[in-house]
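Structural description and commentary
The lines below spell out each chain.
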Amino acid sequence: MKKFTSALWITRAFQAELKDAPEPALNEGDILVRTQWSGISRGTERLVFEGRVPASEIGRMRAPLQEGCFPFPVKYGYCAVGIVEQGPSELIGRSVFALHPHQNLFAIPASLATPVPEGIPPRRAVLSANLETALNAIWDGCCGPGDRIVVVGGGVVGLLTAYLAARIPGTEVTLVDLELGRRAFVEHLGASFAEADNAPGDADVVFHSSASAQGLNTALACAGFEARVVEMSWYGSAAVDASLGGAFHSQRLQLVSSQVGHVPSSRRARWTTRRRLDAAMRLLDDPRLDILVAEEVKFSALPEALHDILCDAQGIPPVVTYS
């Protein structure tokens, strides 16, 4: 019986729909994956959904398995986990992770799929890309044992950054957010919570992931003398007002960009992106992380739900279920 695929397309600003197509043909070395779960990146996918990818970044923002072009129509998504239905015998029946748009059935080169380690639930494996981003930021921050670390912004990436930082021996990790509902997530993952008005100062390393000027300025205010502020947010085409007056120069602060497209130079000689992803997957071996994939939305309902998920909702974005 012939199979059909269905994929989410952003057709215009603030509008998405599911489009059907015949089952993809497999080339030599490809695998066919039946999707179980896919993840939503509220920051990046919102910029795509709103048509705010800058013209200068169209090439760099293009995902390896994307279809269409920015701004629209474009088939864009963050990551997917599914079961291999066709391919090498050693992969058939295995759960694999891939950086693929939201789609129920897809064919990709086997080299672009990463088997989910035994013991990691497929649903939790959706966090692999976000955890890889957090790991990259920790490297960019040059964190060490005993450091006083602040994370500003309690989205999934911010929470995972705080989670990793709190696992470094002796660190004091505080996540700062405007939403009091984040407290339960933060404390569950082993860090402390503070509201923006009560953010700690004199930090050794500060990570900013709120994608707002207010959050960035809070991060700068938290930094101690000669501290490093790691900017993890991507603002698309938006301009950002950063408070680089005041104590910024006298405190000799470092403002460093962190972006997952490249392994930090301090590790690039030994670490490939594949090795980094494998490490991120191993770090998922902790049931506490299931709190970040507790909510779900059905794939069939995703076009109608996407605006609320990306633009209006304040909680942790749901994972997409295909069952």
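In what follows, the structure referred to is the one given above.
Keep in mind the model is a prediction, meaning the values are calculated, not measured. (Residues numbered from 1 in each chain as written. Predicted model: local features only at pLDDT ≥ 70, side-chain atom pairs only at ≥ 80, totals over all residues. Heavy atoms only, no water.)

Turning our attention to the packing of helix 1 (residues 42–49) against helix 9 (residues 302–312). The geometry of helix 1 relative to helix 9 is characterised by a closest axis approach of 9 Å and an angle of 120 degrees between their N-to-C directions. The orientation of helix 1 with respect to helix 9, classified from their angle, is oblique. Crossing of helix 1 over helix 9 shows left-handed handedness. Listed contacts from helix 9 to Arg42, Glu45, Arg46 and Phe49 of helix 1 are Leu306, His307, Ile309, Leu310 and Cys311. Counted by class, the contact of helix 1 with helix 9 contains five nonpolar, one polar and three charged residues. (Axes fitted to C-alpha atoms, helices over the stretch in contact; angles between N-to-C directions. Helix = DSSP H or I, 4+ residues; strand = E, 2+ residues; numbered from the N terminus. Parallel < 35°, antiparallel > 145°, perpendicular 65-115°, else oblique. Left-handed = near helix turned anticlockwise from the far one by under 90°. Contact = heavy atoms within 4.5 Å. Nonpolar A, V, L, I, M, F, W, Y, C, P; charged D, E, K, R; others polar.)

A few words now on the nonpolar core. Core analysis: the largest hydrophobic core is formed by 51 residues, its most contacted members being Leu159, Phe207, Leu289 and Leu292. Among all residues touching phenylalanine 207, those that are not within four sequence positions of it are Ala137, Ile138, Gly141, Cys143, Ile149, Val150, Val151, Val152, Thr161, Val230 and Met232. If you look at the next biggest cluster of nonpolar residues, it comprises 21 residues, including Ile40, Phe70, Leu306 and Cys311. (Core = buried A, V, L, I, M, F, W, Y, C linked by side-chain atoms within 4.5 Å. Buried < 20%, exposed > 50% of the residue type's maximum accessible area, 1.4 Å probe, protein only.)

The next point concerns the environment of lysine 3. Summarising the element assignment, lysine 3 is placed in the segment before strand 1 (4–12). For the pair lysine 3 and alanine 21, spaced 18 residues apart in sequence, the C-alpha separation works out to 9.2 Å. Once you skip the residues sitting within four places of it in the chain, lysine 3 turns out to touch Pro22, Glu23, Leu32, Arg34, Glu85 and Leu105.

What follows concerns unusual backbone geometry. In this model, phenylalanine 70 is joined to proline 71 through a cis peptide bond whose omega is 5 degrees. Of note, proline 71 is situated in the loop between strand 4 (67–68) and strand 5 (74–75). The peptide bond linking phenylalanine 72 to proline 73 adopts the cis configuration, its omega dihedral lying at -15 degrees. Mapped onto the fold, proline 73 is located in the loop between strand 4 and strand 5. With phi around 60 degrees, alanine 211 is a residue other than glycine that occupies positive phi space. Relative to the assigned elements, alanine 211 resides in the loop between strand 13 (203–208) and helix 7 (213–222).

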